[in-house]
Amino acid sequence: MASRSCGNFFDLASGELPDVPPTTRSLPRVMTIPGILCDGNGSSDVDSDSTSSVSRERKIIVTNMLPLIAQKDNGTGKWRFSWDEDSLYLQMKDGFSPETEVIYVGSLKVEIEANEQEEIAQRLLDEFNCVPTFLPPDIQKKFYYGFCKQQLWPLFHYMLPMCPDHGDRFDRQLWQAYVSANKIFADKVMEIANPEDDFIWIHDYHLMVLPTFLRKRYNRVKLGFFLHSPFPSSEIYRTLPVRDEILKGLLNADLIGFHTFDYARHFLSCCGRMLGLDYESKRGHIGLDYFGRTVYIKILPVGIHMGRLESVLNLRSTCNKVKELQEQFIGKKVILGVDDMDIFKGISLKLLAFEQLLLQHRELQGKLVLVQIVNPARSSGKDVQEIKKETYFAAKRINEVYGCADYVPVILIDRPAPRYEKTAYYAVAECCIVNAVRDGMNLVPYKYVVCRQGSSIMSQVTGTKPESPRTGTLVVSEFIGCSPSLSGAIRVNPWDIDAVAEAMNMAITMSDAEKQLRHEKHYRYVSSHDIAYWARSFMQDLERACKDHYDKRCWGIGLGLGFRVVSLSPSFRKLSVDHIVSSYKRTHRRAIFLDYDGTVVSQASMVKSPSPEVVDMLNALCNDSNNTVFIVSGRGRDSLSEWLAPCENLGLAAEHGYFLRWNKTSEWESLTADLDWKEIVEPIMKHYMEATDGSSMEVKESALVWHHRDADPDFGSCQAKELLDHLENVLANEPAVVQRGQHIVEVKPQGVTKGLVAEKVLSTLASNGEAPDFVMCIGDDRSDEDMFESISNAVSNSSGTAVLEIFACTVGQKPSKAKYYLDDTTDVVRMLRGLASASNPKPRHSAQFKVAFDSVF
C-alpha cells in the first residue's frame with residue numbers, strides 16, 4: 001500500500017515515488033582514465049577491464065550544506081568560493097587514504113540565480129569536487145526551515161507540540177517538501193555515482209528518506225548514514241505521523257551510525273515496536289535483519305580535528321589573547337561556557353547554578369568568574385527571544401548582587417567571537433561546563449581538553465615549562481552525546497540546580513593531582529579518537545557491511561516510501577506453486593509434514609482452529625492413498641485433536657513429537673521420559689509470569705511454555721533472556737532442554753524434537769517398502785529447523801529408493817536451513833490448494849503403517 005504521507009503532491013496515490021524533473025544538464029559521472037570522462041550513463045569507449053584497473057576509490061559525502069563558504073563580489077557580481085575549514089565534513093577527509101577521491105553533494109548556504117546555476121555547478125565540480133543541489137526556494141524554505149527545524153529537530157530533542165504555543169503541529173505540506181528535497185538530492189547523487197564501486201555516506205536528519213530513493217535506483221548501492229542529532233525514545237518518536245516512512249528510509253542504508261548507545265537503543269526499540277524487527281549482536285556488531293539484508297548499527301561519537309585546533313593555538317593572536325586574559329583574571333578562577341543561543345543549551349540553568357554556588361560558598365565571591373560565550377542563534381523565534389531575555393536578566397541580577405567595581409561575576413560575550421578568542425578562553429579556564437538539557441554530541445569539551453593541553457609555542461609565550469603537568473576539569477550534562485566518552489568528567493543533571501552548583505565547586509576545588517589525572521585521561525581519548533579516526537572507522541564498517549552484496553539475489557518490493565530490497569541467498573528462493581505441483585504429479589509416494597501455528601493458521605489470528613478451506617485441503621491430501629500427511633506442532637494433543645477432528649486420516653505429532661497418532665482412530669503413542677523437572681520449572685515460570693504484565697504460562701503434559709507475545713516487546717524480550725539463563729542454570733543436571741522460540745521460552749524433555757518425528761515417519765515408510773520420492777516440510781519457527789535438517793539427513797542416509805524431490809520450506813524470508821520460503825500463511829494455503837487440486841481422492845488405509853510405527857515407538 002502506498003504511504004499516505006507522500007501525498008497527492010507527488011503522485012504517490014498510486015504508490016510511485018516523487019517524480020521531480022531532472023536537471024537540465026547531467027554532470028560527468030566518473031573519470032576512469034585521465035582525460036577520459038564517462039558520460040551520464042557511465043558508458044565509455046575504454047575497455048571495462050582497463051577502466052577498473054586505474055579508477056580511483058571514491059567516497060560520495062552527502063550533506064544538507066556543502067562545506068563551502070560563498071561570497072559575492074559587490075563590484076563584479078561574481079561569486080567566490082572557498083573551503084569551510086571548520087566543517088567536520090571537510091575535516092573527515094583526513095580519515096581516507098590520499099588516493100581516495102571525495103565528492104560532496106549538498107546545498108549552498110546562499111541562493112544562486114537560476115541563470116547562474118549551470119555555470120556555478122561546473123565550477124564547483126571542477127575546483128572543489130562539489131555537486132550543488134540548488135533546491136527551489138519554496139521547497140528549500142519548507143524543507144529546511146519548515147519540516148527539519150520546526151518538526152524533526154524539536155521532536156528529536158524531546159519537545160512535543162502539546163499546544164500551539166509549544167512547537168508547530170505536523171504539517172503534511174512540509175513533509176511533502178522534505179520528500180521532494182530528498183528526491184532532488186537522490187537525482188544529484190545518481191548523476192555522479194558509480195553504484196557498483198562508490199561508497200555513499202549520508203549525514204543527519206535532513207536526509208533520512210534519501211536511502212530509499214537511492215536503494216530504489218540501484219538495489220546494491222553501498223550506503224551509510226550517520227545521525228548527528230539525538231534519536232528520541234520510542235514514546236516520543238511514535239508521535240510522528242510519518243514515523244514508519246522515516247524508519248524504513250533509514251533501514252535502506254547498509255550501516256546506520258549514532259553517537260551513543262542510548263540513541264542506537266532508541267532506534268532499535270522503535271524498529272521493534274513499530275516494524276516488528278529484532279536485532280542481535282554478531283561478534284561485537286549489532287545487526288537488524290530487514291527482508292534478508294543485514295542493516296548494521298555503528299556506535300561511535302565524532303571527534304575533533306586535532307591539527308586544526310593546534311594550529312589556532314599557535315597563532316600569535318591566540319597567544320597574545322591568552323596573556324591578556326591571564327592579566328585580566330589574575331587572582332581569579334575562570335569557569336567557561338560556550339553555547340549556541342537556543343532553548344536546549346541550558347544557559348539560564350547554568351547561570352542559576354552559578355548564582356547558587358556564590359550564595360552557598362561566599363568565600364568564592366570575588367574569586368570566581370563565569371565567562372559565557374554565546375554563539376549566534378541558528379534560528380529565530382519566540383522561544384529563542386525568551387531564552388535570550390532570561391539569560392540577560394539572570395546575568396544582570398548576579399552581577400548586581402555579587403559584583404563590585406573590580407569584580408564582574410558573569411561575563412556574557414554575546415557576539416560572533418573569533419576562533420582565536422574562543423581558543424584563548426579555553427586555554428585559561430580552569431573548568432569548562434556544558435549544561436545542555438539535550439544535545440546530539442557537543443564538541444566543546446573536546447576542544448577545551450586540547451586547548452588546556454596547550455603547545456610548545458603557547459608554553460613559550462606564557463612562560464610555562466613544556467613538561468609541566470596540565471590540568472583541566474569538565475562538568476558535563478548527562479544528556480549530551482559526548483558525556484559517555486568523558487569518563488573523567490563530573491556528570492550532572494542540568495535540571496538539578498544544587499547538584500550543578502556543587503559540581504562546579506568540586507571542579508575548582510579538587511586537588512591539582514586529581515585534575516591532572518582527569519585531564520590526561522581525557523586527552524588520551526580525544527587525541528586518539530579524532531575526526532579522522534571516526535571517519536576511517538565508519539568507512540571500514542561500511543565496507544564490511546557491503547562485502548556480501550553480490551553474494552545474494554536482490555529485488556525491490558513495496559510502493560512509495562515503503563520500498564525495500566529483498567536480499568536472499570542464491571540457493572534460497574520462493575517456492576513456486578507451479579514447480580511443486582509439477583513435482584507432486586510426477587511422484588508416487590509422498591510424505592508431507594506441516595507445522596500448525598504460523599504455517600496453516602496465522603499467528604495473529606485469535607481463532608486457532610483451522611478454516612473450513614484448510615480442513616478441506618488437508619482432507620484432500622490425506623485421502624490420497626499415495627500421501628502420508630502429518631501436522632507436527634508444539635501444541636498439546638487435546639487441542640490438536642479437537643481442532644483437526646474432521647481430518648480422519650491426518651497424522652498428528654503433538655508437543656514436538658512427544659505424543660504421536662497415525663490417524664483419528666489410532667491410539668496416541670508417547671515417548672518414555674522423566675518429567676520430575678516440571679516441579680522445578682513451574683514455580684519459576686509462575687514468578688516470571690506474575691512479574692511480566694501480559695505474559696502467560698502454558699502447561700502441557702510433557703512441557704511448560706512461557707509466552708510473552710502480549711507483553712511489552714522490550715521488557716518481554718529482556719525477561720525471556722533472563723528466564724532462559726535462570727532455567728538453564730537450575731536444569732543443568734536434569735533430562736530437560738530449554739529453548740527460546742518466537743515470543744516463548746519452552747522447557748521439554750531431552751531428545752524430543754520435530755526432527756525426530758520426521759525421521760521416524762520416513763523410517764517407517766522405508767521399512768514398509770514405500771520410501772517416498774517426494775518429501776515436503778513447511779514450518780515457521782526455530783523448532784521446525786530440526787525437521788528441515790532431518791529430512792535431508794534421512795533421505796541421504798536411506799538405502800531404499802532415492803528421493804527425487806525434497807521441499808524444505810520456511811514461512812517468512814529469514815535465515816533458515818530450508819531451501820525454499822513462502823511469505824506467509826496465505827502463501828502456504830495457496831500452495832496447499834494447488835496440491836489438493838492435483839490429488840487423487842481415493843480412500844486410504846493406514847493400519848499397515850500403524851503396525852510398523854508401533855514397533856518404532
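Our subject in this report is the structure included herewith. Given the structure is predicted, the values throughout are model-derived calculations rather than measurements.

**Quick look at the sheet that holds strand E30 (residues 736-741)**
Alright, step 1. One open sheet accounts for four strands, arranged E28-E29-E31-E30; its pairing is antiparallel. A strand with exactly one partner marks an edge of an open sheet, and here the two such strands are strand E28 (696-699) and E30. Each adjacent strand pair in this sheet contributes to an overall mean axis angle of 15°, direction not counted.
Alright, step 2. With four bridges connecting them, strand E29 (residues 704-707) and strand E31 (residues 744-749) associate as antiparallel partners. Pairing of His707 across the sheet is with Ile744, part of E31.
Alright, step 3. Strands in contact with helix H23 (residues 678-691) are E28, E29 and E31; relative to E29, the strand with the most contacts, it is inclined by about 10°.

**Overview of the environment of His259**
Alright, step 1. Mapping His259 onto the fold places it in the loop between strand E10 (255-258) and helix H9 (261-275).
Alright, step 2. With relative accessibility at 2%, the residue His259 sits in the buried group.
Alright, step 3. Between the alpha carbons of His259 and Ser229 there is a distance of 8.2 Å; along the sequence they are 30 residues apart.
Alright, step 4. Beyond its immediate chain neighbours, meaning those up to four positions away, His259 contacts Phe226, Leu227, His228, Ile299, Leu300, Pro301, Val302, Gly440 and Met441.

**Overview of unusual backbone geometry**
Alright, step 1. One non-glycine residue, Asn129, lies in the positive phi region at around 60°.
Alright, step 2. With respect to the secondary-structure elements, Asn129 resides in the loop between helix H3 (114-128) and strand E7 (130-132).
Alright, step 3. The residue Phe134 is not glycine, and still its phi comes out positive at about 50°.
Alright, step 4. Assignment of secondary structure puts Phe134 in the loop between E7 and helix H4 (137-156).
Alright, step 5. By relative accessible area, Phe134 is classed as buried at 17%.

**Some details on the packing of aromatic side chains**
Alright, step 1. Applying the stated rule across the entire model yields 28 aromatic pairs.
Alright, step 2. Centre to centre, the rings of Trp175 and Tyr178 are 5.7 Å apart; their planes meet at 20°, and the pair counts as stacked. Pair noted here: Trp175 and Tyr178 are both in helix H5 (residues 172-192), with a separation of three residues, about one helical turn.
Alright, step 3. Given a relative accessible area of 0%, Trp175 falls into the buried group.
Alright, step 4. Taking the centre distance of 6.3 Å and the plane angle of 65° together, the rings of Tyr446 and Tyr525 count as edge-to-face. Here Tyr446, found in helix H15 (residues 444-453), pairs with Tyr525, found in helix H18 (residues 512-528); they are 79 residues apart in sequence, far enough to count as distant. With respect to burial, Tyr446 and Tyr525 carry one shared label: buried.

**Remarks on the packing of helix H12 (residues 347-360) against helix H17 (residues 497-509)**
Helix-helix packing: each pair is described by the crossing angle between the helix axes and the interaxial distance.
Alright, step 1. Following both chains from N to C, one finds H12 and H17 inclined at 65°, their axes separated by 8 Å at the closest point. Between H12 and H17, the interaxial angle falls into the category roughly perpendicular. Once H12 is placed against H17, the crossing between them reads as right-handed. Counted together, Leu349, Lys350, Leu352, Ala353, Phe354, Gln356, Leu357 and Gln360 of H12 and Ile497, Asp498, Val500, Ala501, Met504 and Asn505 of H17 form the full contact between these two elements.
Alright, step 2. Along the lines of polarity and charge, the residues of the contact of H12 with H17 split into nine nonpolar, three polar and two charged.

**A closer look at the side chain of Asn182**
Alright, step 1. Within the secondary structure, Asn182 is located in helix H5.
Alright, step 2. Separated by 3.2 Å, the side chain of Asn182 and the backbone oxygen of His206 make a polar contact.
Alright, step 3. Within the local environment of Asn182, its side chain forms a polar contact with the backbone nitrogen of Leu210, the two atoms lying 3.0 Å apart.
Alright, step 4. Apart from residues no more than four positions distant in its own chain, Asn182 is found in contact with Phe143, His206, Leu207, Met208, Val209, Leu210 and Phe213.

**Remarks on the side chain of Thr133**
Alright, step 1. The residue Thr133 is located in the loop between E7 and H4 in this model.
Alright, step 2. Engagement of the side chain of Thr133 in a polar contact is seen with the side chain of Ser107, the distance being 2.7 Å.
Alright, step 3. The contact partners of Thr133, leaving out residues within four places of it in the chain, are Val105, Gly106, Ser107, Ile184, Phe185 and Lys188.

**Regarding the sheet that holds strand E18 (residues 473-477)**
Alright, step 1. One open sheet holds the six strands; their spatial order is E16-E15-E14-E17-E18-E19, and the pairing between them is parallel. Taken across any chain shown, the strands that pair with only one partner, and hence form the sheet edges, are strand E16 (410-413) and strand E19 (490-492). Taken over all neighbouring pairs, the strand axes of this sheet differ in orientation by 20° on average, direction set aside.
Alright, step 2. Of the strand pairs in this sheet, strand E14 (residues 333-340) and strand E15 (residues 368-375) are connected by eight bridges, and their pairing is parallel. Looking across to E15, one finds that Lys333 is bridged to Leu368.

**So, H3**
Alright, step 1. Here H3 spans 21 Å end to end across 15 residues, near enough to the 21 Å set by a 1.5 Å rise per residue.
Alright, step 2. Every buried residue of H3 is accounted for by Glu116, Ile120, Ala121, Leu124, Leu125 and Phe128.
Alright, step 3. Where H3 is buried, its residues meet strand E4 (68-72), strand E5 (79-83) and E7.
Alright, step 4. Asn129 lies just past H3 and shows a positive phi near 60°.

**Considerations on the pairing of strand E21 (residues 564-568)**
Alright, step 1. Within E21, four of the five residues are buried, leaving the element largely enclosed by the surrounding structure.
Alright, step 2. Where strand E20 (residues 553-557) meets E21, five bridges bridge the pair, whose relative direction is antiparallel. Following the sheet pairing, Ile557 is matched in E21 by Arg564.
Alright, step 3. Joining the antiparallel neighbours E20 and E21 is a turn of six residues, in which Gly558 adopts a positive phi near 95°.

Calculation rules
- Residues numbered from 1 in each chain as written.
- Predicted model: local features only at pLDDT ≥ 70, side-chain atom pairs only at ≥ 80, totals over all residues.
- Heavy atoms only, no water.
- Pairing = 2+ DSSP bridges.
- Helix = DSSP H or I, 4+ residues; strand = E, 2+ residues; numbered from the N terminus.
- Axes fitted to C-alpha atoms, helices over the stretch in contact; angles between N-to-C directions.
- Contact = heavy atoms within 4.5 Å.
- Buried < 20%, exposed > 50% of the residue type's maximum accessible area, 1.4 Å probe, protein only.
- Phe/Tyr/Trp six-rings, centres within 6.5 Å; stacked < 30°, edge-to-face > 60°.
- Parallel < 35°, antiparallel > 145°, perpendicular 65-115°, else oblique.
- Left-handed = near helix turned anticlockwise from the far one by under 90°.
- Nonpolar A, V, L, I, M, F, W, Y, C, P; charged D, E, K, R; others polar.
- Polar contact = N/O pair within 3.5 Å; in protein donor to acceptor, adjacent residues only side chain to side chain.
- Expected span 1.5 Å × (residues − 1).

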